[in-house]
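Take a look at the letters that make up each chain.
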Amino acid sequence: MIEWIGWLLGQDWNAFAEGSLSFGASLSWLWLLLGVVLAISGITLLYRKTTSPLSQPLRILLIGLRSIILMILLVALFRPMLTTSKVLPQESFLAVLVDDSQSMSLLDEGESETRSHRVQEWLFDSDNTLERLQENFRVRTYRFTDSTQRTLGPDDLTQQGVHTAIGQSLAHVTTELRELPLSGIVLLSDGKDNSNADPLVNAATLKSLNVPVFSIGVGPETVRKDLELVDVQASPTVMEGSIFEIHAFIRHQGFEGREIELNLTTSSNDIRSDSEQPTTETSSTPVPDAETTVVSKTVTLGRGGIPQRYTLEFAPSPGKQVYTLRLPHENDELTTFNNQRSVLVNNEKKEVDLVYIEGHPRHEYKFIQRALQEDEALRLATYLQTGPQKFLRQGILSARELAKGFPKTKEELYQYEAIILGDVPQKFFSSGQMDLIRSFVAERGGGFLMIGGSTAFEDDYIDTPIADILPVTLIRSTRLPAELRKGERQGMSPVGEKFKLLLTAEGERAPFLRMGFQGEMNQELWGKMPMLQSINVTGPAKAGASILAEHPTLRYQNRALPVMASQRYGSGRTMALTTASTWRWQMLLPYDDYSHERFWRQVVRWLTLDAPAPLEISLSQETVHLGNTVEIRARVRNKRYQPVNDATVWLQVTDPSGEIQDVPLQWDIEKAGLYVGRVALQQEGIVTFDVTSTTPSQEYDEASLSVLVTPSIAEYSNPHQDVALLRKLAAASNGKYYPFEDAERLFDDLEQLSNTYTVEIQSDLWDMPLVLMLLFGLLGAEWFLRRLKGLS
């Protein structure tokens, strides 16, 4: 239809509609209007008297026909002309950007071809879009993922890109064609931009350059059915002997209320199986033959479109282990590539040095020492006062260690990761030593634990650095009610009576207080623990601290007395245990029950979890994928934990195949003690980074870090078309957005670009076929009506 209208007009309809009207001869609109009025008046007079009678409607019709004919002839005498513009072929440039990421390989519901093949068919093959664009523009075609390259045809498109960076592609084209007359950019994509840059910034830049972006969206705006494992969160390290949790975040479309089974598998056959290991059920999820199911859990999916968290618990096997969490493959899913994720869990024992100061021999000291010394990865150096001016040192590495009592310098104290303070009076420490303890926690990142006793938490500690770091407030005994003061003997006061430890909600969630799997099993195991006896009365927990266990009956200021509390202080952690009777667990439980040992080892591991070594290694990102280039960071300190800027630091990278690469790390001049280097990860599997450092004073240290390199599934996350982003890109650059089905509208809009090279075309309106056909038609109609009524 448009083509017929164009023929009648003698030119393109859009050009006609956008054109401007002018007259070849000099003409006043007033005179033209006057001539029209006179012509109509004369025709009206002629038709007042006719040779045959006429009805009034027919008379008006004949006057109208004759008036229109005279008006057309009158206007034609003044040579009306239409001025239009036409794109000058091959003078302007047009960039075409084609998304070549993995999401373009998806086969959408109701389609027979993938997103990429539909684009190829439209651009290169049967629709001849590229050839049509080349009639008016010099076209440059590009493929883009997280980088952009020129492409000559469909054979260059692979759909292998693991990331989409639309902003980068726009910036690349802008830079490459900055010296050329670029009229616009055509973007073919599903809009799944997963880069860290905002593409709207680049679109705004293009607007300032008068280069619009015409975005063509591929793929459905919503996905009817899909099951996605959005994320898997797990601590990279495990506290020895503790129950481990993996959190699965699941998002779905179209499966609300559906029961599915989560399966956690590992490729190792060395799976810990004890009485606490849950029974494994047969899974409907395909699991490779070489893998073993560790734990499975049936969950009910909630509302669609929102990630929901589900937790799996298990006892991890020793060493470094890769665990894979899988969702079942449901029918009619858009993709199953987003149904599984893998994580690396490090259950290797970390060697820890800690110092335990005790004011006198007692059961608590003996049983804590025994529980910790049986763990070969824990070195417990103890300093026990056995009598006046008599001290016993145990677990020391040399005769000089603790020879002069509690450390007085950072070099001496900072060699430990945690301090345990038993029944020690405040006067045992100098003010400088208490300041040192506070610095040990806040600056060095060490752990601190104070255990109950006759002098622990005493009034003399109030307003000291020790009180500052405790998670509970200290109350002067004179301010306590009588029932909370200790009598001459512990049994004479309620605070000296036996009690059952009561875990709070936070305590039940704390990983280091887990005796069994979360819920009834953990509560049941704690319920079997023997009663404790005697408690030190303190005030409430400080702001930001967590109360982990409370006394079941005793209260102060209408709050249960805290038995166990913890907090973060500076870079470290502190804990208060206001009783000294955990030894009763060991004495009263069966000989083969290791709950007491487990409790103390997990507490110590928690205290030292954040205590850094003098040499630390980390990566610039938490999750690493195949093809990533990551920045390795090594922080070098001396024995006083002061940064060292002139060390020699080397990195050794061992890839999954066993190949080794040595990389020198360079000091980051803007950050004290920080050394950096970059490594490209080209193999899937476990990669180990080993760092060595040598300071000018010949202090040598080493550190190691292992990471799991996995293929990225970012392109399959939430795999619908991001219409909102594509619309915003177009609007921000003064362009337009089209659904793929309406992409044909692009050609009309390209014709009207203001920044293209165009030429003006003037056409005589009276010379158009439409004008001649209109005159003949009107004359013929008038003649027929006159003959019909017998007029001359």
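Residues numbered from 1 in each chain as written. Predicted model: local features only at pLDDT ≥ 70, side-chain atom pairs only at ≥ 80, totals over all residues. Heavy atoms only, no water.

Draft legend 1. Region of interest: the confidence of the model for the chain. With 86% of its residues at a pLDDT of at least 70, the chain reaches an overall mean of 85. Below a pLDDT of 50 lies the segment residues 1-11, which in the model reaches 17 contacts outside its immediate sequence neighbourhood of four places, other chains included. (pLDDT = per-residue confidence, 0-100. Contact = heavy atoms within 4.5 Å.)

Draft legend 2. Quick look at the pattern of salt bridges. This model, assessed by the stated rule, comprises 28 salt bridges. Measuring nitrogen to oxygen at the nearest pair gives 3.1 Å for the salt bridge that ties Glu-228 to Arg-251. Separated by 23 residues along the polypeptide, Glu-228 in strand E8 (residues 226-233) and Arg-251 in strand E9 (residues 244-253) bring together distant segments of the chain. The shortest N-O distance in the salt bridge between Arg-640 and Glu-411 comes to 3.4 Å. Of this pair, Arg-640 sits in the loop between strand E28 (629-636) and strand E29 (648-654) while Glu-411 sits in helix H10 (residues 410-413), placing them 229 residues apart in sequence. Salt bridges sharing common partners tie together Asp-108, Glu-111, Arg-115, Arg-118, Asp-190 and Glu-741. (Salt bridge = Lys/Arg side-chain N within 4 Å of Asp/Glu carboxyl O. Helix = DSSP H or I, 4+ residues; strand = E, 2+ residues; numbered from the N terminus.)

Draft legend 3. Representation of the packing of aromatic side chains. Tallied over the entire structure, the rule returns 17 aromatic pairs. Summarising the aromatic geometry, the rings of Trp-585 and Phe-599 are spaced 5.2 Å apart at their centres and angled 90° between planes, so their arrangement reads as edge-to-face. On the criterion of sequence distance, the pair formed by Trp-585 in helix H15 (residues 583-588) and Phe-599 in helix H16 (residues 595-607) is long-range, its members being 14 residues apart. Since its relative accessible area comes to 2%, Phe-599 is described here as buried. Through a chain of ring-to-ring contacts, the aromatic side chains of Tyr-383, Phe-391, Phe-406, Phe-428 and Phe-429 assemble into a single cluster. For the cation-ring pair, Arg-132 lies above Phe-747, with the distance from its terminal atom to the ring centre recorded as 3.8 Å. Above the plane of the ring of Tyr-142 lies Arg-150, whose end atom (NZ or CZ) is 5.7 Å from the centre. (Phe/Tyr/Trp six-rings, centres within 6.5 Å; stacked < 30°, edge-to-face > 60°. Buried < 20%, exposed > 50% of the residue type's maximum accessible area, 1.4 Å probe, protein only. Lys NZ or Arg CZ within 6 Å of the ring centre and 35° of its normal.)

Draft legend 4. Up close: the sheet that holds strand E10 (residues 259-266). In space, the four strands of this open sheet follow the order E11-E10-E13-E14, with antiparallel pairing throughout. The two strands at the open ends of the sheet, each matched to only one other strand, are strand E11 (292-300) and strand E14 (340-347). In this sheet, adjacent strand axes meet at a mean angle of 20° when their direction is disregarded. By the bridge criterion, eight bridges tie strand E13 (residues 319-326) to E14 in an arrangement that is antiparallel. Across the sheet, Arg-326 pairs through a bridge with Gln-340, a residue of E14. (Pairing = 2+ DSSP bridges. Axes fitted to C-alpha atoms, helices over the stretch in contact; angles between N-to-C directions.)

Draft legend 5. Spatial organisation of the sheet that holds strand E21 (residues 502-503). Ordered by their spatial adjacency, nine strands build an open sheet running E17-E16-E15-E18-E19-E25-E24-E23-E21, and the pairing between neighbours is mixed. Looking at the sheet topology across the chains shown, the edges are occupied by strand E17 (390-394) and E21. Relative to strand E25 (residues 572-577), strand E19 (residues 447-451) runs parallel, the two being bridged by five bridges. Paired with Met-450 across the two strands is Ala-576, which belongs to E25.

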